[in-house]
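So you can see what is in the structure, the chains are spelled out below.
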Amino acid sequence: MSGRDGGKKKPLKQPKKQAKDMDEDELAFKQKQKDEQKKLQEMKEKAQKGPLVGGGIKKSSKK
């Protein structure tokens, strides 16, 4: 028993994940996700500018 055993132990190093080869289906899926993300971002920007549709029929409340 040496005096240096105290404290946290260092975790073992994990091997690096290898970049796996993606087939066409996976590439198409990732591209589709990127396109949807861009559309959502554009919609958010438009929503911050103001309402998409102005006016419309307003219902009157009962008094």
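Here the structure is a predicted model, which is why all the values come from computation and not from measurement. (Residues numbered from 1 in each chain as written. Predicted model: local features only at pLDDT ≥ 70, side-chain atom pairs only at ≥ 80, totals over all residues. Heavy atoms only, no water.)

Novice: Explanation requested: the overall build of the protein in the structure shown.
Specialist: If you tally the helices and strands in the protein, you get one helix and zero strands. Total accessible area computed for the protein in this model is approximately 7800 Å², and 54% of it derives from carbon and sulfur atoms. (Helix = DSSP H or I, 4+ residues; strand = E, 2+ residues; numbered from the N terminus. Areas by Shrake-Rupley, 256 points an atom, 1.4 Å probe, with all protein chains shown as cover.)

Novice: What exactly am I supposed to notice about a negative patch on the surface here?
Specialist: Residues Asp 23, Glu 24, Asp 25 and Glu 26 make up a contiguous surface patch of negative charge. By the secondary structure assignment, Glu 26 is in helix α1 (residues 24–49). (Patch = residues over 30% accessible without salt bridge, like charges linked within 9 Å, V, L, I, M, F, W, Y side chains within 5 Å. Salt bridge = Lys/Arg side-chain N within 4 Å of Asp/Glu carboxyl O. Lys, Arg positive; Asp, Glu negative; His and termini not counted. Charge placed at Lys NZ, Arg CZ, Asp CG, Glu CD.)

Novice: I tried to follow a positive patch on the surface on my own but got confused; where do I start?
Specialist: Together, Lys 20, Lys 30, Lys 34 and Lys 38 make up a region of like positive charge exposed at the surface. Relative to the helices and strands, Lys 30 is located in helix α1.

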